[in-house]
Amino acid sequence: MEKFTTLNSTAVPLDIENIDTDQIIPARFLKATDKKGFGDNAFRDWRYNKNGELNKSFILNNPTYSGSILVAGDNFGCGSSREHAPWALVGYGFKVIVSSFFADIFKGNALNNGLLPVQVSSEFLKNLMSEITNNPETIVTVDLEAQTISAKDGVLSEAFDIDPYKKTCMINGYDDIDFLLSKKEAIETFEVEKQF
Amino acid sequence: MAKTLFDKVWDSHVVDTIENGPQILYIDKHLIHEVTSPQAFNELRERNIPIARPNQVVATADHNTPTIDQHLPVKDELSRKQLEQLSKNCKENGITLYDLGHKYNGIVHVMAPELGITQPGMTMVCGDSHTSTHGAFGTIAFGIGTSQVAQVFASQCLLLTKPKSLRVNVNGKLKKGVYPKDVILYVISKLGTNSGTGYFCEYAGNVFEEMSMEGRMTVCNMSIEMGARGGMIAPDETTFEYVKGREFAPKGEDFDKKVAYWKTLPSDAEAKFDKEYFFDAADIEPMITYGTNPGMGIKITENIPELNDASFEKSLEYMNFQKGESLINKPINYVFIGSCTNSRIEDFRVAANYVKGKRKASNVTAWLVPGSKQVEAQIIKEGLKDIFVEAGFKLRQPGCSACLAMNDDKIPQGEYCVSTSNRNFEGRQGQGARTILASPLVAAATAVEGKIIDITKHLN
């Protein structure tokens, strides 16, 4: 997993609520047996019309907006547990998703792939969404160490929560497998002792 | 201290607690399928890590399988490769696989309970969000991502923060024509799609106590649609009776010992929940959804609400519905009875009971997809298949099918489908397809009438 400390980037406003993982990556693209290539099909049915043409009205196709931060509406990542969703977002080039609420499974999946979910207040989200929509060149700073997200020289700024263990993993690029394997003995003892 | 059902099962599976961090939770059973496992197998292979407990892993092929001509090679090349990869991975690692065509093959959340793999008091995971289904047995069961599939492969454990507790109580007498699907669609319509996020839900009250295991599975299945990682129902005589005698259920004295333990699991009377809701069963009616998330549900007799909200309006635009309109008499060309929510024998009994002696409407394409080979066999054995065939329906072969439309069972662009599945997201059943979630009864009635009808007027 890639290490994550601080990110300075412009951001893309995707002002839609309840974006489910079927929208992030439709099921028909889940046939691959590796993690590569999902970025090409991220938000496929919003990015392209049925006839395969680019949907110019969709924000990701608007050249005004770019960057590795996606700012999205409430309840991002609900629905299917497919980890192909964070693979698609990372593959597309996002490193941070900002929303006022994340679905559980998506949040865990994102953290396991070096994609940082930054949960902010509804008010901050509204202000940030409006700022980056009106001023696409605005640089947004996400500082994982300090657990802050800010823009406009601190005029817009908020602290965010992250599980301390997951924070350490993100900063150092560790994953849970390494940790769990280090607990092998405790797990084996548990198996011997467990009584149901 | 008084404990909830969830506390009892969770706490008994904690291997260790990391200071200021998550807990290491032991996983009893790990179910896998072709779509969310290959990258996890690759991960372990690349890191040279063996599968820790292959005998606690069970595999099936379901998401990406055809529902006709299963005896022939799978036509779609990518799907075929994915299925071959699953077979290869299971073989190399000594994992039991119920492959396409096997007498135990089926949707992972249908086949595991019917084989007795699912038992009360267990922890179970699967790379599929509807793993919550197994909570019907008083099991902690939840969906995981592929990184977590790899973690369980490597260690038989997961690193997790204990969720908060939520209880949904439904008491009273259900009206005629109201099925478990209506109960859960009603609850989600009241609570919304993210009310359960961060929580594990327990369903309590006489309505759930009086439900069959099939009904309880339908309810727990959709827990994730209100954001809850899982849902549970206290194990009781109905549960024990269902588990008893199944292929992998404990036998004889072992079974009695287990039952004695399972009886200790229900929540203590004084147990406190972080959130609790109460509903009156008498207020529930046959339900349908009108929007693009499962929380957008109404009683079939109600009109679409009139809200001024951008997401709501976007949703109605996709569905091509108007604010304030009724869905009664809407022409419908597609009906799907299947999915891990409603593809068990009881669901087909309900549908068959309605269509008996009637004819499928000529405008309707109906897909009847059993949840497993065993359900398929039971449908034939009970003579339900004959009823369906006489009414102009065709029974397909088991799989996830049009619930997620990964295989060829796709609803065409712009068409409505009254579906017994669990998600009405944009494009879920095919690009541009419009899904209306309902019970097997409402789906069967729609197939016969070719339009949505007020089922409450046809119940005698």
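Residues numbered from 1 in each chain as written. Chains lettered and ligands numbered in written order. Predicted model: local features only at pLDDT ≥ 70, side-chain atom pairs only at ≥ 80, totals over all residues. Heavy atoms only, no water.

**Student:** Help me out: how do you make sense of the nonpolar core in this one?
**Tutor:** Within soluble globular proteins, side chains that are nonpolar generally end up buried alongside one another. F43, L70, F76 and L89 of chain A are the most contacted members of the largest nonpolar core, which totals 85 residues. Non-local contacts of L89 of chain A, meaning those with residues more than four positions away in its chain, are made with I24, F43, L70, F76, F94, I97, F106 and L115 of chain A. (Core = buried A, V, L, I, M, F, W, Y, C linked by side-chain atoms within 4.5 Å. Buried < 20%, exposed > 50% of the residue type's maximum accessible area, 1.4 Å probe, protein only. Contact = heavy atoms within 4.5 Å.)

**Student:** What is the right way to read the interface of chain A and chain B from this model?
**Tutor:** Note: interface size is frequently given as the accessible area lost on complex formation between the parts. Contact residues are listed per partner, giving 53 residues for chain A and 67 residues for chain B. Each partner contributes to the roughly 4900 Å² buried at the junction of chain A and chain B, and carbon and sulfur atoms together form 57% of this total. The tally of links from chain A across to chain B stands at 8 salt bridges. The shortest N-O distance in the salt bridge between D76 of chain B and K31 of chain A comes to 3.4 Å. Linking chain A with chain B are 28 residue pairs in polar contact (both at pLDDT 80 or more), by the criterion used here. Of all the secondary-structure elements, those providing two or more residues to the side of chain A that touches chain B are α1 (21-24), α2 (44-47), α3 (84-92), α4 (104-111), α6 (164-172), α7 (176-181) and α8 (184-193) of chain A. (Buried area = accessible area lost by both parts, 1.4 Å probe. Salt bridge = Lys/Arg side-chain N within 4 Å of Asp/Glu carboxyl O. Polar contact = N/O pair within 3.5 Å; in protein donor to acceptor, adjacent residues only side chain to side chain. Helix = DSSP H or I, 4+ residues; strand = E, 2+ residues; numbered from the N terminus.)

**Student:** Teacher, can you tell me more about helix α15 (residues 440-449) of chain B here?
**Tutor:** Owing to its 3.6 residues per turn, the α-helix aligns residues three or four sequence positions apart on the same side. Residues and elements named next belong to chain B. Most of α15 sits out of view: 9 of its 10 residues are buried. The complete set of buried residues in α15 reads P440, L441, V442, A443, A444, A445, T446, A447 and V448. Elements in contact with the buried residues of α15: β13 (287-289), β15 (334-337), α12 (345-355) and β17 (416-419). Where α15 terminates, the next one or two residues include G450, which has phi positive at roughly 75 degrees.

**Student:** Looking at this structure, I do not really get the sheet that holds strand β7 (residues 140-143) of chain B. What am I missing?
**Tutor:** Each strand in a sheet pairs with its neighbour through backbone hydrogen bonds, running either in the same direction (parallel) or in the opposite one (antiparallel). Residues and elements named next belong to chain B. Taking strand neighbours across the sheet as the criterion, the 5 strands line up as β5-β4-β3-β6-β7 in an open arrangement whose pairing is parallel. Edge positions in the sheet fall to β5 (96-98) and β7, since each of these pairs with one other strand and no more. Looking at each pair of strands side by side, their axes are set apart by 20 degrees on average, direction ignored. Bridge analysis of strand β3 (residues 29-32) against strand β6 (residues 123-126) gives 3 bridges, and the strand direction is parallel. Residue pairing in the sheet places H30 in a bridge with V125 of β6. Against the sheet, helix α5 (residues 146-155) makes contact with β3, β4 (57-60) and β6, and its axis sits at roughly 135 degrees relative to β3, the strand it touches most. (Pairing = 2+ DSSP bridges. Axes fitted to C-alpha atoms, helices over the stretch in contact; angles between N-to-C directions.)

**Student:** How should the packing of aromatic side chains be read in this particular structure?
**Tutor:** Geometrically, a pair of aromatic rings is defined through the distance of the ring centres and the angle of the planes. All names here are of chain B. This structure, assessed with the given rule, holds 25 aromatic pairs over all chains. Ring pairs connect the aromatic residues F6, W10, F142 and F200, which therefore count as one cluster. A cation over a ring is seen here: K358 above Y354, with NZ or CZ 3.9 Å from the ring centre. (Phe/Tyr/Trp six-rings, centres within 6.5 Å; stacked < 30°, edge-to-face > 60°. Lys NZ or Arg CZ within 6 Å of the ring centre and 35° of its normal.)

**Student:** For this particular structure, what's the right way to read the confidence of the model for chain B?
**Tutor:** Any residue range with low pLDDT should be treated as having predicted coordinates unsuitable for detailed reading. Taken over all residues, the pLDDT of chain B has a mean of 97, while the share at 70 or more is 100%. Reported confidences for the modelled complex are a pTM of 0.96 and an ipTM of 0.92. (pLDDT = per-residue confidence, 0-100.)

**Student:** I keep staring at the pairing of strand β1 (residues 6-9) of chain A and nothing clicks. Help me out?
**Tutor:** Each regular strand displays side chains that alternate between the two surfaces of the sheet. Residue and element names in this part refer to chain A. Only one face of β1 is buried, namely the one carrying L7 and S9, since none of T6 and N8 on the opposite face is buried. With 4 bridges connecting them, β1 and strand β6 (residues 140-143) associate as antiparallel partners. Bridge pairing links T6 to D143 in β6.

**Student:** I'm lost on the packing of α12 of chain B against helix α13 (residues 373-381) of chain B in this one. Help?
**Tutor:** The packing of two helices is summarised by the inter-axis angle and the distance between the axes. Residue and element names in this part refer to chain B. Where α12 contacts α13, the axes come no closer than 10 Å and their chain directions differ by 35 degrees. Read as a crossing pair, α12 and α13 show a hand that is right-handed. Counting all contacts with α12, which are made through I345, F348 and R349, the residues of α13 involved are V375, Q378 and I379. Residue composition of the contact of α12 with α13, grouped by class: 4 nonpolar, 1 polar and 1 charged. (Left-handed = near helix turned anticlockwise from the far one by under 90°. Nonpolar A, V, L, I, M, F, W, Y, C, P; charged D, E, K, R; others polar.)

**Student:** I'm lost on the side chain of S195 of chain B in this one. Help?
**Tutor:** Residues and elements named next belong to chain B. Its place among the elements puts S195 in the loop between α6 (180-191) and β10 (199-204). With relative accessibility at 10%, the residue S195 sits in the buried group. Of the polar contacts made by the side chain of S195, one reaches the backbone oxygen of G192; its length is 3.3 Å.

**Student:** Help me out: how do you make sense of α6 of chain A in this one?
**Tutor:** Within α6 of chain A the residues assigned to the buried category are Y165, K166, K167, C169, M170 and I171 of chain A. Residues of α6 of chain A that are buried sit in contact with α4, β5 (116-119) and α7 of chain A together with β8 (157-160) of chain B. In this structure D163 of chain A caps α6 of chain A, since a side-chain oxygen of it lies 2.9 Å from the backbone nitrogen of Y165 of chain A. Once α6 of chain A finishes, G173 of chain A follows within two positions and takes phi at roughly 70 degrees, a positive value.

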